Amino acid sequence: MKYMILIQSNPQSLAVWETLTDQQRTDLGLGHLRLTEEMREAGVLVVSEGLGDPALATQVSVRDGRTITSDGPYAEVKEHLAGFYLIDVANLDEAVAWAAKAPDAAYTRVEVRPVLDMSEWEL
């Protein structure tokens, strides 16, 4: 079963970030690289990526058949997705065990969500 481990940026995590030393910040980033490699070696990693700042986002909508885009978020974002791991494991307990290894889990919460399997759906 596939699970997403979601790393959020929010006021709580940003406040913690501000208290970290440069070395702790480096260690956090290296911790993500090590975790990615550990997941890859264990054969559970599907993909893992960090995401750019929401100010770099492009909002997309379709109205009356016309694609409309705008830069960045519509309002100041207090919480946003900073990165994720998509893993394929046997069950939620295993997904939680991997999430607990995320460096961010030592400072704030990390979210684990099942990925909906739509492979059986009919068109």
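It should be noted that the structure appears before, not after, this text.
Here is what the cut-offs are and how they apply
- Sequence positions are assigned chain by chain, starting from 1 and proceeding in written order.
- Reporting in this predicted model follows two pLDDT cut-offs: at least 70 for local features of residues, and 80 or more for side-chain atom pairs to be given and counted; totals over whole chains, interfaces and linings ignore these cut-offs and use all residues.
- To obtain the side-chain values, all non-hydrogen atoms of the structure were used and water was disregarded.
- Helix numbers and strand numbers start at the N terminus; a helix is a DSSP run of H or I with at least 4 residues, a strand a run of E with at least 2.
- Here a residue-residue contact requires only that any non-hydrogen atoms of the pair lie within 4.5 Å.
- Exposure classes here rest on a 1.4 Å probe applied to the protein chains alone. A residue is buried below 20% of its type maximum, exposed above 50%, and partly exposed in between.
- We define a salt bridge as a side-chain nitrogen of Lys or Arg found within 4 Å of a carboxyl oxygen belonging to Asp or Glu.
- Regarding the arc, it is the one traced by the directions from the helix axis to the C-beta atoms.
- Polar contact is defined as a pair of N or O atoms within 3.5 Å, subject to the rule that within protein one atom must be able to donate a hydrogen and the other to accept it, and that residues adjacent in sequence are counted only when both atoms are side-chain atoms.
- Here a helix's expected span is defined as the number of its residues, less one, multiplied by 1.5 Å.

**Comments concerning the environment of R113**
Part 1 of the argument: Inspection of the secondary structure assignment puts R113 in strand 6 (residues 111–114).
Part 2 of the argument: Residues R113 and L86, 27 residues apart in the sequence, show an inter-C-alpha distance of 9.7 Å.
Part 3 of the argument: Ignoring any residue separated from it by four or fewer positions in sequence, one finds R113 in contact with K2, Y3, M4 and L6.

**A closer look at the environment of P114**
Part 1 of the argument: For P114, the location among the structural elements is in strand 6.
Part 2 of the argument: With relative accessibility at 47%, the residue P114 sits in the partly exposed group.
Part 3 of the argument: Residues P114 and A15 lie 99 residues apart in sequence; the distance between their C-alpha atoms is 28 Å.
Part 4 of the argument: Every residue in contact with P114, bar those within four places of it in the chain, is listed here: M1, K2 and Y3.

**Digging into the pattern of salt bridges**
Two side chains that carry opposite charge are able to pair once their charged atoms sit near each other.
Part 1 of the argument: Counted under the stated rule, the structure contains three salt bridges.
Part 2 of the argument: For E37, the salt bridge goes to R40, with nearest N and O atoms at 2.9 Å. Taken together, the residues span about one helical turn, with E37 and R40 both in helix 2 (residues 22–42) at a distance of three residues.
Part 3 of the argument: Relative accessible area serves as the criterion here: at 33%, E37 is assigned to the partly exposed category.
Part 4 of the argument: A relative accessible area of 49% means that R40 is categorised as partly exposed.
Part 5 of the argument: Here E111 makes a salt bridge to R113, at a shortest N to O gap of 3.7 Å.
Part 6 of the argument: Judged by relative accessible area, E111 falls into the partly exposed class, the value being 32%.

**Regarding helix 3 (residues 92–99)**
Along an α-helix, a turn takes 3.6 residues, which lines up residues three or four apart on a common side.
Part 1 of the argument: If you check which residues of helix 3 are buried, you get A95, W98 and A99. Looking straight down helix 3, one finds that the buried residues subtend no more than 100 degrees of arc, so they occupy a single side.
Part 2 of the argument: Elements in contact with the buried residues of helix 3: strand 1 (2–9), helix 2, strand 5 (80–88) and strand 6.
Part 3 of the argument: At the N-terminal end of helix 3, a side-chain oxygen is found 3.1 Å from the backbone nitrogen of D93, two or three residues along, and the residue is N91.

**Quick word on helix 2**
Part 1 of the argument: In this model helix 2 runs 30 Å from its N-terminal to its C-terminal C-alpha over 21 residues, within 8% of the 30 Å that 1.5 Å per residue would give.
Part 2 of the argument: Against the buried residues of helix 2 lie strand 1, helix 1 (11–19), strand 2 (45–50), strand 5 and helix 3.
Part 3 of the argument: G43 sits one or two positions beyond helix 2 and adopts a positive phi of about 80 degrees.

**Notes on the side chain of T36**
Part 1 of the argument: Within the secondary structure, T36 is located in helix 2.
Part 2 of the argument: Of the residues examined, T36 reaches a relative accessible area of 14% and is grouped as buried.
Part 3 of the argument: Contact partners of T36, with chain neighbours within four places excluded, come to L45, S48 and Y85.

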